[in-house]
Amino acid sequence: MTFSWEKGTGYLIHFPESQKETETILEIVRPLFENPAIRKIGQNMKYDIQVLANYGIEVKGPLFDTMIAHYLLEPDMRHNMNLLSESYLGYSPVHIESLIGEKGNNQKNMRSVPVDKLMEYAVEDADVTYQLKMIFEPKIISGGLADLARDIEMPLISVLAAMERNGVKLDLEDLKSITINLREDIISLEKEIYTLAGTEFNISSPKQLGDILFIRLKLDEKARVTKTKQFITNEEILQRLTNKHPIISKVLEYRGLKKLLSTYVEALPLLVDKKTGRIHTSYNQAVAATGRLSSNNPNLQNIPVRDARGREIRKAFVPEKGHVFLSADYSQIELRLMAHLSKDESMIADFLSGNDIHAATASKIFGVEIDKVTREMRSRAKTANFGIIYGISSFGLSERLTIGRKEAKDLIDGYFNSYPGVKIYMDESIRKARDLGYVTTMFGRKRYLPDIHSRNQVVRGNAERNAINAPIQGSAADIIKIAMIRIFDRMKSEEYLSKMILQVHDELIFETATSELEKLKDLVIFEMSNAVKLDIPLKVDWGTGNNWFEAH
DNA sequence: CGAGTCACG
DNA sequence: ACGTACGTGACTCGA
């Protein structure tokens with residue numbers, strides 16, 4: 001592990017043989033790492049912070065992470081150190097693989113590398129990092145990204161490190177019984193499908209399934225195909241064929257259950273950490289071009305919730321004894337941001353009225369009193385509101401509402417008549433992207449959109465939708481990051497026992513000591529609601545429970 | 001290792 | 001005549 005200080009010195013911490021030597025070294029470096037007046041520089045510092053935490057050292061003081069800095073400078077690119085070194089320093093560092101071998105089971109431990117080799121690697125690592133810092137920091141400042149870096153991204157690193165280390169407990173018994181049920185159901189569906197098809201085949205193979213449905217059973221003479229000339233067999237297509245043949249609904253159910261089994265129910269238990277007995281996701285702070293986080297190994301940001309059977313999996317995420325889950329989420333944050341950023345008076349008024357926003361939209365675009373809005377009208381308005389955030393097109397909306405292009409266009413025209421400021425704002429975002437080459441979030445995060453000048457209208461259309469969506473999605477990401485930092489700081493300074501454990505884009509989940517529940521709930525709601533002052537309030541919904549299902 | 005599919009916000 | 005809703009990660013198949 002290597003670190004740099006302001007003076008550019010490389011530090012090597014080797015992994016000593018004896019316990020005594022380890023302790024000596026730790027006590028030498030501890031005052032440095034724990035000194036809040038010393039700014040630490042590193043590449044992917046979340047990792048280093050965790051290694052040090054394993055040795056009981058808490059890294060304090062400001063951070064400057066070159067990976068994160070480059071993410072802010074070039075959010076669409078990749079940020080690993082060798083790549084950065086090659087493109088900014090014209091120098092190819094020693095690959096870690098040359099010391100410990102390729103990734104996989106045979107990858108050696110750092111401890112097995114001879115100390116002289118290790119030293120060379122470590123010193124180079126610190127040197128490269130420091131040189132990158134010297135290049136990136138001025139760019140961050142001149143790019144108007146200093147506040148975002150100093151106040152949000154760099155402080156967030158420690159928050160994420162702690163959340164990852166906290167992890168979340170899984171009820172393995174619960175998952176086991178889900179597994180048994182799923183396996184049974186899958187086997188019987190399999191048999192039914194083979195009977196209905198009149199032959200056995202691999203249902204999980206889109207190619208084989210397509211051939212069965214569209215050649216053997218001839219369920220659609222005009223079946224559409226992919227670029228690779230396979231039949232499309234996705235859910236949307238299959239749904240439309242439900243009435244054509246009883247095999248369809250069986251296949252859909254089979255697909256759904258297989259997904260649950262392989263992606264969640266069977267996979268999650270394998271990722272329980274032997275030492276902690278918990279699941280530790282890792283958050284990637286530098287992949288999503290809009291500024292969102294992502295989660296992997298496992299991805300805990302896509303645990304099923306929409307469908308009843310999938311939602312059961314959430315019951316297996318449980319707090320420790322004496323604890324309860326608290327979940328708090330921003331209500332309609334992206335649409336609220338559209339209202340705020342566009343300053344559209346009528347959308348602001350709709351939010352301030354306290355009415356259901358989709359019903360209010362429906363009332364306007366369909367020209368009926370709000371209490372005369374039907375479920376169907378509300379549902380369409382909701383789809384339109386989503387479309388607006390994504391950078392609507394009449395084609396896209398018509399696909400989702402299964403209506404004609406003309407009808408969709410009329411709906412959009414009606415929408416813009418109701419919320420004229422939104423139309424003006426969207427045009428302004430695209431104009432800004434053309435003029436500057438990028439768009440920004442409320443906190444100055446940039447996304448470059450070079451394709452905005454493309455002569456190819458498909459490519460250009462994509463950039464135009466990004467010009468509309470990125471400031472919205474990105475501002476929402478900025479806001480929850482601010483809330484996370486403030487909540488984390490307060491939980492530490494006010495000595496809470498509870499832990500922040502998960503973030504799912506607009507939602508935070510806490511494993512709360514039961515005695516702290518009321519206080520923590522107020523703290524979380526306050527900090528989330530007040531992370532930023534908008535023209536309309538940020539609404540925060542919350543729930544508690546003895547598992548994630550109940551709390552959500 | 002790309003393609004197809006599908007889980008989430 | 002084109003072909004698109006925004007952002008991710010994981011699994012399975014099959015060349």
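Because the structure is a prediction, the values reported are computed rather than measured.

Parameters and conventions
- Residues numbered from 1 in each chain as written.
- Chains lettered and ligands numbered in written order.
- Predicted model: local features only at pLDDT ≥ 70, side-chain atom pairs only at ≥ 80, totals over all residues.
- Heavy atoms only, no water.
- Buried < 20%, exposed > 50% of the residue type's maximum accessible area, 1.4 Å probe, protein only.
- Helix = DSSP H or I, 4+ residues; strand = E, 2+ residues; numbered from the N terminus.
- Pairing = 2+ DSSP bridges.
- Phe/Tyr/Trp six-rings, centres within 6.5 Å; stacked < 30°, edge-to-face > 60°.
- Lys NZ or Arg CZ within 6 Å of the ring centre and 35° of its normal.
- Near = heavy atom within 4 Å.
- Polar contact = N/O pair within 3.5 Å; in protein donor to acceptor, adjacent residues only side chain to side chain.
- Nonpolar A, V, L, I, M, F, W, Y, C, P; charged D, E, K, R; others polar.
- Core = buried A, V, L, I, M, F, W, Y, C linked by side-chain atoms within 4.5 Å.
- Contact = heavy atoms within 4.5 Å.
- pLDDT = per-residue confidence, 0-100.
- Axes fitted to C-alpha atoms, helices over the stretch in contact; angles between N-to-C directions.
- Parallel < 35°, antiparallel > 145°, perpendicular 65-115°, else oblique.
- Expected span 1.5 Å × (residues − 1).

Here's the deal with the pairing of strand 13 (residues 499–503)
Thought 1: Most of strand 13 sits out of view: 4 of its 5 residues are buried.
Thought 2: Joining the antiparallel neighbours strand 13 and strand 14 (residues 507–513) is a turn of 3 residues, in which His505 adopts a positive phi near 70°.

Brief notes about the packing of aromatic side chains
Thought 1: The full count for this structure, using the stated rule, is 8 aromatic pairs.
Thought 2: Taking 5.3 Å as the distance between ring centres and 80° as the angle between the ring planes, the aromatic pair formed by Phe317 and Trp548 counts as edge-to-face. Of this pair, Phe317 sits in strand 9 (residues 317–318) while Trp548 is found in helix 23 (residues 548–551), placing the two residues 231 residues apart along the sequence. The same class applies to Phe317 and to Trp548, which are both buried.
Thought 3: Ring geometry for Phe386 versus Tyr390: centroids 6.2 Å apart, planes at 40°, classification tilted. One end of the pair, Phe386, and the other, Tyr390, are both in helix 17 (residues 375–390), 4 residues apart, so they sit about a helical turn from each other.
Thought 4: Taken together through their ring pairs, the aromatic side chains of Tyr415, Phe416 and Tyr419 make up a single cluster.
Thought 5: A cation over a ring is seen here: Lys446 above Tyr438, with NZ or CZ 4.6 Å from the ring centre.
Thought 6: The lysine or arginine in question, Lys519, covers the ring of Tyr496, its NZ or CZ lying 5.0 Å from the ring centre.

Some words on the protein's contact with DNA strand C
Thought 1: For DNA strand C, the set of nearby residues contains 33 residues, the closest of which are Asn202, Ser205, Ser294, Gly387 and Asn466.
Thought 2: For DNA strand C, the backbone makes up 66% of the atoms found within 4 Å of the protein, where backbone means sugar plus phosphate.
Thought 3: In this structure, a base oxygen belonging to DNA strand C sits 3.4 Å away from a side-chain N or O atom of Ser393.
Thought 4: Asn466 places a polar side-chain atom, nitrogen or oxygen, 2.8 Å from a phosphate oxygen of DNA strand C.
Thought 5: Sorting the residues of the surface near DNA strand C by element identifies helix 11 (246–265), strand 8 (294–296), helix 17, helix 18 (394–401) and helix 21 (457–493) as the ones contributing at least two each.
Thought 6: Considering each element in turn, the surface near DNA strand C owes the most residues, 6 residues, to helix 21.
Thought 7: Considering only residue class, the surface near DNA strand C consists of 8 nonpolar, 20 polar and 5 charged.

Re the nonpolar core
Thought 1: In this structure, Leu268, Phe317, Tyr330, Met338, Met484 and Ile487 are the most contacted members of the largest nonpolar core, which totals 155 residues.
Thought 2: Excluding its chain neighbours within four sequence positions, the residues that come into contact with Met338 are Lys343, Met347, Ile388, Val422, Tyr425, Met426, Ile468 and Ile472.
Thought 3: Leu99, Val113, Leu118 and Tyr121 belong to the second-largest nonpolar core, a separate cluster that totals 5 residues.

Some points on the confidence of the model for chain A
Thought 1: Summing up the model confidence of chain A, the mean pLDDT is 94 and the portion of residues at 70 or higher is 97%.
Thought 2: Segment residues 6–10 is flagged for pLDDT under 50; beyond a separation of four residues in sequence, or across chains, it makes 10 contacts in the model.

Comments concerning the protein's contact with DNA strand B
Thought 1: In the vicinity of DNA strand B, 20 residues are found, and the nearest of them are Thr226, Thr228, Thr233, Lys259 and Val305.
Thought 2: A share of 77% of the atoms of DNA strand B within 4 Å of the protein falls on sugar and phosphate groups.
Thought 3: Interatomic distance of 2.5 Å between a side-chain N/O atom of Thr226 and a phosphate oxygen of DNA strand B.
Thought 4: Thr233 has a polar backbone atom sitting 2.7 Å from a phosphate oxygen of DNA strand B.
Thought 5: For the surface near DNA strand B, the class distribution of residues is 6 nonpolar, 8 polar and 6 charged.

Some details on unusual backbone geometry
Thought 1: The omega torsion of the bond from Asn297 to Pro298 falls at 0°, within 30 degrees of zero and hence cis.
Thought 2: Turning to its location among the elements, Pro298 is positioned in the loop between strand 8 and helix 13 (308–311).
Thought 3: Of note, the phi angle at Lys218 is positive, near 50°, even though the residue is not glycine.
Thought 4: Secondary-structure assignment places Lys218 in the loop between helix 9 (206–216) and helix 10 (235–240).
Thought 5: For Lys229, which is not a glycine, the phi torsion comes out positive at approximately 65°.
Thought 6: Considering the arrangement of structural elements, one finds Lys229 in the loop between helix 9 and helix 10.

Examining the packing of helix 17 against helix 19 (residues 405–418)
When two helices pack together, their arrangement is given by the angle between their axes and by how far apart the axes lie.
Thought 1: Helix 19 packs onto helix 17 with a crossing angle of 75° between their chain directions and a minimal axis gap of 11 Å. Judged by the angle between their axes, helix 17 and helix 19 are roughly perpendicular. In this structure, helix 17 uses Arg380, Ala384, Asn385 and Ile388 to contact helix 19, whose residues at the interface are Glu407, Tyr415 and Phe416.
Thought 2: Of the residues in the contact of helix 17 with helix 19, the class split is 4 nonpolar, 1 polar and 2 charged.

A closer look at the sheet that holds strand 9
Thought 1: Pairing within the open sheet is antiparallel, and its 3 strands lie in the order 6-5-9. Edge positions in the open sheet fall to strand 6 (278–279) and strand 9, since each of these has one partner strand only.
Thought 2: Sheet topology note: the strand 5 (residues 168–170)/strand 9 ladder contains 2 bridges and is antiparallel. Residue pairing across strands places Leu170 opposite Phe317, the latter belonging to strand 9.

Regarding helix 19
Thought 1: In a regular helix each residue adds 1.5 Å, so 14 residues correspond to 20 Å; helix 19 covers 20 Å between its end C-alpha atoms and thus fits that length.
Thought 2: All of the buried residues in helix 19 are Ala408, Leu411, Ile412, Gly414, Tyr415, Phe416 and Ser418.
Thought 3: Buried residues along helix 19 sit against helix 15 (345–352), helix 16 (357–366), helix 17, helix 18 and helix 20 (420–436).

Points about the environment of Glu173
Thought 1: Its location among the elements puts Glu173 in helix 8 (residues 172–197).
Thought 2: Residue class for Glu173 comes out exposed when judged on its relative accessible area of 56%.

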